[in-house]
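If you want the building blocks of each chain, they are given just below.
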Amino acid sequence: ENLAYGNIVNLYVDAGIIKARKADALLLRPAHGIVDNPAGMAAGSTGQIVFMSGRGGGMAGTILGATYYLSTSGTVQLSAPTVDGVLTQVVGIGLDAGGIWLNIIPVSRVVIDIDVTATVWNDDRNIHVRYSDGAFENLPFSVADYVAP
């Protein structure tokens, strides 16, 4: 696929060759770098990618000091995803007109959100756990298991 200057990319191996494609939180393709060629990279060509950490100039107009998360189609967003089945990955810090400072956090099984669901206090409930790798699970929790401090 064609990659534009400033696209966040996912690296993968195809027939022994390292290739780049657009990183995508929804497709579970974690970020590994940013395209650093002002002309972009045509499909099948070679080019320069800043890997995991460093300044990415192709993303001007970010908010200075703001944390950016992986979004879809090689882009970033200001808020962390809040739905199941989607990667939650910090990509970097905004540098205003200077682009983005990549500080890509590798994706792993890290708890990022916990919700307790119940209708009233006496009901049994579920603990809904969401992980940064997109996985989630519902863990049953009974009021009978709770011991007040």
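Reading the values: rules and limits
Residues numbered from 1 in each chain as written. Predicted model: local features only at pLDDT ≥ 70, side-chain atom pairs only at ≥ 80, totals over all residues. Heavy atoms only, no water. Pairing = 2+ DSSP bridges. Helix = DSSP H or I, 4+ residues; strand = E, 2+ residues; numbered from the N terminus. Phe/Tyr/Trp six-rings, centres within 6.5 Å; stacked < 30°, edge-to-face > 60°. Lys NZ or Arg CZ within 6 Å of the ring centre and 35° of its normal. Buried < 20%, exposed > 50% of the residue type's maximum accessible area, 1.4 Å probe, protein only.

Concerning the sheet that holds strand E9 (residues 100-103)
- Ordered in space as E5-E9-E8-E6-E7, the five strands form an open sheet in which the pairing is antiparallel. On the outer flanks of this sheet lie strand E5 (53-56) and strand E7 (76-77), each paired with one strand and no other.

Some words on the pairing of strand E12 (residues 136-141)
- Pairing of strand E11 (residues 125-131) with E12 involves six bridges; the strand directions are antiparallel. Each residue of the ladder has a partner; that of Val129, found in E12, is Glu137.
- Where E11 hands over to E12, the hairpin turn is made up of four residues, of which Gly134 adopts a positive phi near 95 degrees.

Some words on the packing of aromatic side chains
- A complete count under the given rule lists zero aromatic pairs for this structure.
- Note that Arg21 overlies the ring of Tyr12, its terminal NZ or CZ placed 4.1 Å from the centroid.

Structural notes on unusual backbone geometry
- Phi is positive for Leu28, which is not a glycine, with a value near 60 degrees.
- Among the secondary structure elements, Leu28 is positioned in the loop between strand E2 (17-22) and strand E3 (33-35).
- Leu28 gets classed as partly exposed once you look at its relative accessible area, which sits at 45%.
- In this structure, Asp96 takes a positive phi of about 60 degrees despite not being glycine.
- Tracing the sequence through the fold places Asp96 in the loop between strand E8 (90-94) and E9.
- Residue classification places Asp96 among the partly exposed residues on the basis of a relative accessible area of 43%.

Side note on the pairing of strand E6 (residues 67-70)
- Examined bridge by bridge, E6 and E8 share three bridges and lie antiparallel to one another. In the strand pairing of E8, Thr67 is matched with Ile93.
- Relative to E7, E6 is paired through two bridges, and the arrangement is antiparallel. When the bridges of E7 are listed, Tyr69 appears paired with Gln77.

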